[in-house]
Amino acid sequence: MMLRADGRKFKSMNRRELLKLTPIVALGAFAIPKLQAPLLKAGLGFSDWVSAGIFRRGHLAPTFSDAELTPFDKFPINDYDVDDPGVDLDRWTLTISGAVQKAGDYKLAQIQSLPKITQNTRHVCVEGWDVVGNFSGARLSDFLRLIGADTSARFITVKCADDYYESLDMATALHPQTLLCYEMYGRTLTGQHGAPLRLTIPTKIGYKQAKWLTEMNVTNVLQQVGYWEDQGYSEFYGL
Amino acid sequence: MASRAIEINDAKTGELSQAVYEHPLIVRLCHWINTVALFVLVGSGLQIFRAFPSFGAKIPQEDLIHWPKALAIGGWLGGALQWHLTFMWIYMATGVVYLAYQLFSGNYKQVLFLPRDIPGVWPMVRHYFFFGAKPPVKQAYNPLQKHAYTSAIVLGVLSVLTGLVIWKPVQFSWLACPMGGFHYARLWHFIIMWALLAFVFGHLVMVVLHGWNNFVSMLTGWKKDPEYPSE
C-alpha cells in the first residue's frame, strides 16, 4: 500500500529534510578567521590527548640490525639555527633544577657512570622522512633516579646551548628507550649531532630529541612547551 | 529497500509520480561531513607531503613531485598538520557512524558488493563506456555502483589504517607489518588518496549524468521518479 501526497506537501517535506542538514554548516566555523586558530588548536590538542592515552610505557619501539643502519655520514644534521653551537666540552655541565633532591651541576662522567645502553632505533622527522641510527647513552630514567627526581611530576624540560628548548611528559621520560645520548655509532657525539649530550627518544618525533643539552628541569607546570611546539606543532607528538 | 515510497499527486496537472526515501538523514549527514573532511585531508595531506616530497628514508633523495602550494591547505607544515590531525577525527567519526548505521539497519545489503554481483559489472561497464544496451534496472544500486561504493568504503578504511601507522609507527608497529613496513605505509597512504580521488571523479561524473533528481536525493533523502521498481 503506497502512501499518497500532493505536490505541495512533497515539496515542504523535502524542504524540511534539507533543513535537517544545517548542522553541517557548523563546519563553516573553520573558515572564519577568528575561530579557525582556536578550533585547530583544539583539534590538535584532542589528538595530543589521545596520543598520551595510547602511549604504552612498556611497549618498545622497533629496533634494527646493524645492517639496517643509515650510514653515519648520511645521518641528517638538523637544527633550527646553527649546525654546531661549539660547546666548550671541558667546562660543560648539565644544570639540574626543579622537583629533584639533588639539584646542581652534573658532569658528563657522572652520566657515563650509569649503565650504558646501545640501541639501533628509528629517528622520525615531522617532515616525513626517517633514518635508523645507532645511539648509546644512559637511560634518562636512571639519571632521574640519580638526581632524586620526583617522578610524579608531569614534565621534564631541557634547554640547549643553541637556545633551543624542549619538554617531555614524565611517562616518556621514564620509557626504557629514552636515553641521554653521548655516543652515536660507537663514537663520541660530534658537534653537529649535539655534543656532548643529546636526547634520543624513539617513541617521539625528531624535534623532541634536543641536542647540546645544558639544563634540565623537573616540573609540573610548563612556561613554554618547546621551540617548534610554540610555533604550532603538536605538543605531545608520540610515535 | 524502498521501505518508504509515496505517490505524488500534482495538484495542477493531476499527474501522478512516485518518490522513494532513499537516503536516511544519518547517511546524508555522514556523506556531506565526510566530503568536507576528505577535501581538507587531501589538501592538508598534500601540504604535508611538500615537506618531504619523496618516499622512504632520507638518504639524500630526489624530490619526486613538486606539488604547487596553491593546491594545498594549511600554508606550512605545522598548519597543515593542525588541519590534518583535526579533520582526521571528523573523517573517522563519520566513517564509524556510517558503517555502524549500515550494519545495524541492514541497509548494507543494498550497497555491499558481493561475488554474486560480479557477472553484472561488465554489462554496466559496456553500457557506460562502450555505448552498450542498458541492463534492466532491478535494484537501487547496480553491480558497478555497488563495486564503486564498496571500494570507496574499503579505501576509506585503508586510508585510516595507513594514516595510523604514519602517525604512530611505534604504538601501531604491528599494523605496519602487513603494509610492508613504515615506509610503505606512507606510500600506500598516498596511493589510496589518489584512488579515493579517482572514485570522487567517477562519482561526480555519474552525478552529472544522472541528473537533478538523483542529486537532490542526497540532500533531502527523497528521490523522485526512481528508475527501479518501488514496492
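1. What about the confidence of the model for chain A?
Next, step 1: Averaged over all residues, the pLDDT of chain A is 93; the fraction at 70 or higher stands at 99%.
Next, step 2: Across chain A, element-level confidence peaks in strand β8 (residues 179–184) of chain A with a mean pLDDT of 97 and bottoms out in strand β1 (residues 3–6) of chain A with 76.

2. As for the nonpolar core
Next, step 1: Counting residues in hydrophobic clusters, the biggest one holds 34 residues, and the most contacted among them are Ala37, Leu41, Ala80, Leu81, Phe87, Tyr91 and Ala185 of chain B.
Next, step 2: The set of elements that each furnish at least two residues to this core consists of α2 (33–54) of chain A together with α1 (25–51), α2 (77–105), α4 (143–167) and α6 (182–220) of chain B.
Next, step 3: The element best represented in this core is α1 of chain B, accounting for ten residues.
Next, step 4: Contact partners of Leu41 of chain B, with chain neighbours within four places excluded, come to His84, Phe87, Met88 and Tyr91 of chain B.
Next, step 5: In terms of nonpolar packing, the next biggest core, distinct from the first, is built from 33 residues, Val87, Phe135, Ala161 and Tyr164 of chain A among them.

3. Topic: the sheet that holds strand β2 (residues 16–21) of chain B
Strand-to-strand pairing in sheets goes through backbone hydrogen bonds, with the strands running parallel or antiparallel.
Next, step 1: In spatial order, the strands read β1(A)-β1(B)-β2(B)-β3(B); together these four strands make up an open sheet with mixed pairing. Strands with a single pairing partner mark the edges of an open sheet, and in this sheet they are β1 of chain A together with β3 (222–224) of chain B. The mean inter-strand angle of the sheet, taken between neighbouring strand axes irrespective of direction, is 30°.
Next, step 2: Bridge count for strand β1 (residues 5–9) of chain B against β2 of chain B is five bridges, and the pairing is antiparallel. Bridging across to β2 of chain B, Glu7 of chain B finds its partner in Gln18 of chain B.
Next, step 3: With respect to the sheet, helix α1 (residues 7–19) of chain A is in contact with β1 of chain A together with β1, β2 and β3 of chain B, its orientation differing from that of β1 of chain A by roughly 95°.

4. Overview of the interface of chain A and chain B
When the parts of a complex come together, some accessible area is lost, and that lost area is often used as the size of the interface.
Next, step 1: Across the contact, 44 residues belong to chain A and 41 residues belong to chain B.
Next, step 2: Put simply, the parts of the chain that give the side of chain A that touches chain B at least two residues each are β1, α1, α2 and β5 (130–139) of chain A.
Next, step 3: Each residue belonging to the side of chain A that touches chain B can be placed in one class, and the counts come to 24 nonpolar, eleven polar and nine charged.

5. Description of helix α3 (residues 118–129) of chain B
Next, step 1: For α3 of chain B, built from twelve residues, the straight-helix expectation of 16 Å at 1.5 Å per residue is met to within 8% by its first-to-last C-alpha distance of 17 Å.
Next, step 2: Phi turns positive, to about 55°, at Phe131 of chain B, one or two residues after α3 of chain B.

6. A few points about unusual backbone geometry
Residues and elements named next belong to chain A.
Next, step 1: Here the amide bond leading from Ala195 into Pro196 is cis, since omega sits at 0°, within 30 degrees of zero.
Next, step 2: Inspection of the secondary structure assignment puts Pro196 in the loop between β9 (187–188) and β10 (198–200).
Next, step 3: Its identity as a non-glycine residue notwithstanding, Tyr185 has a phi of 55°, on the positive side.
Next, step 4: Summarising the element assignment, Tyr185 is placed in the loop between β8 and β9.
Next, step 5: Residue Tyr185 is classed as partly exposed on the basis of its C-beta count, with 19 C-beta atoms lying within 10 Å.
Next, step 6: Unlike most non-glycine residues, Trp212 shows phi in positive territory, near 55°.
Next, step 7: You can see Trp212 is positioned in the loop between β10 and β11 (213–219).
Next, step 8: Residue Trp212 is classed as buried on the basis of its 26 C-beta neighbours within 10 Å.

7. Examining the pairing of β1 of chain B
Next, step 1: With four bridges joining them, β1 of chain A and β1 of chain B adopt parallel strand pairing. What sits directly across from Arg4 of chain A, in β1 of chain B, is Glu7 of chain B.
Next, step 2: Counted between consecutive antiparallel strands, the loop separating β1 of chain B from β2 of chain B contains six residues, among which Gly14 of chain B sits at a positive phi close to 75°.

8. Description of α2 of chain B
Because each turn of an α-helix spans 3.6 residues, side chains separated by three or four positions in sequence point in the same direction.
Next, step 1: The terminal C-alpha atoms of α2 of chain B, which comprises 29 residues, lie 41 Å apart, in line with the 42 Å expected from a rise of 1.5 Å per residue.
Next, step 2: Gly106 of chain B sits one or two residues past α2 of chain B and shows a positive phi near 80°.

9. Regarding the sheet that holds strand β2 (residues 94–98) of chain A
Residue and element names in this part refer to chain A.
Next, step 1: Ordered in space as β3-β2-β11-β6-β7, the five strands form an open sheet in which the pairing is mixed. Every other strand in the sheet has two partners, leaving β3 (104–106) and β7 (165–169) as the edge strands with one partner each. Averaged over all pairs of adjacent strands, the angle between their axes in this sheet comes to 25°, without regard to strand direction.
Next, step 2: Where strand β6 (residues 155–160) meets β11, six bridges bridge the pair, whose relative direction is antiparallel.

10. Thoughts on the packing of α3 of chain B against α4 of chain B
Residues and elements named next belong to chain B.
Next, step 1: For the pair α3 and α4, interaxial distance at closest approach is 7 Å and the crossing angle is 100°. Classified by the angle between their axes, α3 and α4 sit roughly perpendicular to one another. Along the contact surface, α3 presents Gly120, Val121, Met124 and Val125, while α4 presents Pro143, Leu144 and His147.
Next, step 2: In terms of residue class, the contact of α3 with α4 is made up of five nonpolar, two polar and no charged.

11. Details of the pairing of β8 of chain A
Residue and element names in this part refer to chain A.
Next, step 1: Most of β8 is tucked away, with five of its six residues classed as buried.
Next, step 2: Direction of pairing for β5 relative to β8: antiparallel, over a ladder of five bridges. Looking at β8, one finds that Ala138 is bridged to Leu180.
Next, step 3: Sheet topology note: the β8/β10 ladder contains three bridges and is antiparallel. In the strand pairing of β10, Leu180 is matched with Leu199.
Next, step 4: As judged from the two bridges shared by β8 and β9, these two strands associate in the antiparallel manner. Bridging from a neighbouring strand, Glu183 pairs with Thr188 of β9.

What counts and what doesn't
Residues numbered from 1 in each chain as written. Chains lettered and ligands numbered in written order. Predicted model: local features only at pLDDT ≥ 70, side-chain atom pairs only at ≥ 80, totals over all residues. pLDDT = per-residue confidence, 0-100. Helix = DSSP H or I, 4+ residues; strand = E, 2+ residues; numbered from the N terminus. Core = buried A, V, L, I, M, F, W, Y, C linked by C-beta atoms within 7 Å. Buried ≥ 20, exposed ≤ 12 C-beta atoms within 10 Å, placed from the backbone. Contact = placed C-beta atoms within 7 Å. Pairing = 2+ DSSP bridges. Axes fitted to C-alpha atoms, helices over the stretch in contact; angles between N-to-C directions. Nonpolar A, V, L, I, M, F, W, Y, C, P; charged D, E, K, R; others polar. Expected span 1.5 Å × (residues − 1). Parallel < 35°, antiparallel > 145°, perpendicular 65-115°, else oblique.

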